[in-house]
Amino acid sequence: MELLEGLLTRRSVRTFTPEPVSRGQVLEILRAGSWAPSGLNNQPWRFAIVFDAAVRGRLAQLTRYGRVIEAAPVCLPVFMDREVGYHEVKDHQSIGACIENLLLAAHAQGLGAVWLGEILKSAAEVREVLGLPANLELMAVVAVGYPKGAVKAPARRKLSELIVKEL
Ligand SMILES: Cc1cc2nc3c(=O)[nH]c(=O)nc-3n(C[C@H](O)[C@H](O)[C@H](O)COP(=O)(O)O)c2cc1C
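Residues numbered from 1 in each chain as written. Predicted model: local features only at pLDDT ≥ 70, side-chain atom pairs only at ≥ 80, totals over all residues. Heavy atoms only, no water.

Contacts to the ligand come from R10, R11, S12, R14, Y65, V114, W115, L116, G117, E118, P154 and R156. When the ligand sits alone it has 620 Å² of accessible area, and the protein chains cover 67% of it. Taken together, the residues of the shell around the ligand break down into 5 nonpolar, 2 polar and 5 charged. (Near = heavy atom within 4 Å. Areas by Shrake-Rupley, 256 points an atom, 1.4 Å probe, with all protein chains shown as cover. Nonpolar A, V, L, I, M, F, W, Y, C, P; charged D, E, K, R; others polar.)

As structure tokens, then:
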């Protein structure tokens, strides 16, 4: 898939077929995430991989988007490692770039994915369910699977509204 085409046709996918996603596909997605840019190249992202339906079920209880987590064959909680962070804003920006890479890599493989942020309200509980230490701060959960049905593109503001100055 051509890069710009992939970037423009990526959509948030929230319904999935039961077809499984392989560990190899997941590692390819995470590899793309690991190649995101980061300040000082500090690579503050850390990932969990959750295929297990029972664990996904427990995570699903922690967000109003639980049905997405239950329907996706695999979920990827994304964390920021506070031990390697050096600048609050820049570390968050790096994680954002990483998550976008995850979404695009899923799309490039014919998979669908969605960035779930609402679950951040339950960040401590997610860490507890996964048995992870406190230096890992939840940034998002990315749900991944084969898309069920087509997704309509939500509207975007016109470029003319976004460009605040041109000199
Ligand atoms: C920071 C962030 C948090 C998001 N949280 C959620 C979420 O909790 N649940 C959800 O269904 N979608 C979530 N989304 C996906 C957005 O709703 C989606 O990207 C937006 O509506 C545009 O649609 P598109 O991705 O198909 O272009 C989130 C996206 C971002 C960047």
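There's plenty left to go through after this.
It is the contact of helix α3 (residues 53-60) with helix α6 (residues 123-130), at a shortest axis distance of 10 Å, that shows an interaxial angle of 165°. With respect to each other, α3 and α6 are oriented roughly antiparallel. As α3 runs across α6, the sense of the crossing is right-handed. Contacts between α3 and α6 involve V55, R58 and L59 from the first element and V126, V129 and L130 from the second. When its residues are assigned to classes, the contact of α3 with α6 shows 5 nonpolar, no polar and 1 charged. (Axes fitted to C-alpha atoms, helices over the stretch in contact; angles between N-to-C directions. Helix = DSSP H or I, 4+ residues; strand = E, 2+ residues; numbered from the N terminus. Parallel < 35°, antiparallel > 145°, perpendicular 65-115°, else oblique. Left-handed = near helix turned anticlockwise from the far one by under 90°. Contact = heavy atoms within 4.5 Å.)

Quick look at the sheet that holds strand β3 (residues 112-116) now. With antiparallel pairing, the 4 strands of this open sheet are ordered in space as β1-β2-β4-β3. Sheet topology places β1 (45-47) and β3 at the edges, where each strand pairs with a single neighbour. Looking at each pair of strands side by side, their axes are set apart by 25° on average, direction ignored. Pairing of β3 with strand β4 (residues 136-145) involves 5 bridges; the strand directions are antiparallel. Its bridge partner lying in β4, G112 is registered against G145. (Pairing = 2+ DSSP bridges.)

With that settled, consider the environment of F51. Within the secondary structure, F51 is located in the loop between β1 and α3. Looking at F51, the relative accessible area reads 32%, which means it is partly exposed. C-alpha separation for the pair F51 and C75, spaced 24 residues apart in sequence, amounts to 6.6 Å. Setting aside residues no more than four positions away along its own chain, F51 makes contact with V21, S22, R23, V26, R56, P73 and V74. (Buried < 20%, exposed > 50% of the residue type's maximum accessible area, 1.4 Å probe, protein only.)

Turning our eyes to something else, we now look at the pattern of salt bridges. Evaluation of the coordinates by the stated rule reveals 7 salt bridges. Among the salt bridges present, the one from R82 reaches E137, with a minimum N-O distance of 2.2 Å. Residue R82 is found in the loop between β2 (74-81) and α5 (88-108), and its partner E137 is found in strand β4; the two are separated by 55 residues along the sequence. Among the residues examined, E137 registers a relative accessible area of 26% and is labelled partly exposed. Between E118 and K121 there is a salt bridge, with its nearest N and O atoms 2.7 Å apart. Accessibility expressed as a relative area gives 24% for E118, which makes it partly exposed. (Salt bridge = Lys/Arg side-chain N within 4 Å of Asp/Glu carboxyl O.)

With that settled, the discussion passes to the environment of G6. Looking at the element boundaries, G6 is found in helix α1 (residues 3-9). The spacing of G6 and F47 is 41 residues in sequence and 23 Å in space, taken between C-alpha atoms. For G6, the contacting residues outside a window of four places in its chain are M1, L104 and H107.

To continue, consider the layout of surface pockets. Roughly 200 Å³ of volume is contained in the largest pocket. Along its surface, the largest pocket is lined by M1, E2, L3, G6, L7, A32, N101, L104, A105, H107 and A108. Counting residues per element, the ones that place at least two in the lining of the largest pocket are α1 and α5. Broken down by element, the lining of the largest pocket gets its largest block of residues, 5 residues, from α5. For the lining of the largest pocket, the class distribution of residues is 7 nonpolar, 3 polar and 1 charged. (1 Å grid on protein atoms, 1.4 Å probe; cavity = no way out; pocket = protein on both sides within 12 Å on 5 of 7 lines; lining within 4 Å. Points joined across faces, edges and corners; volume = space filled by probe spheres on them.)

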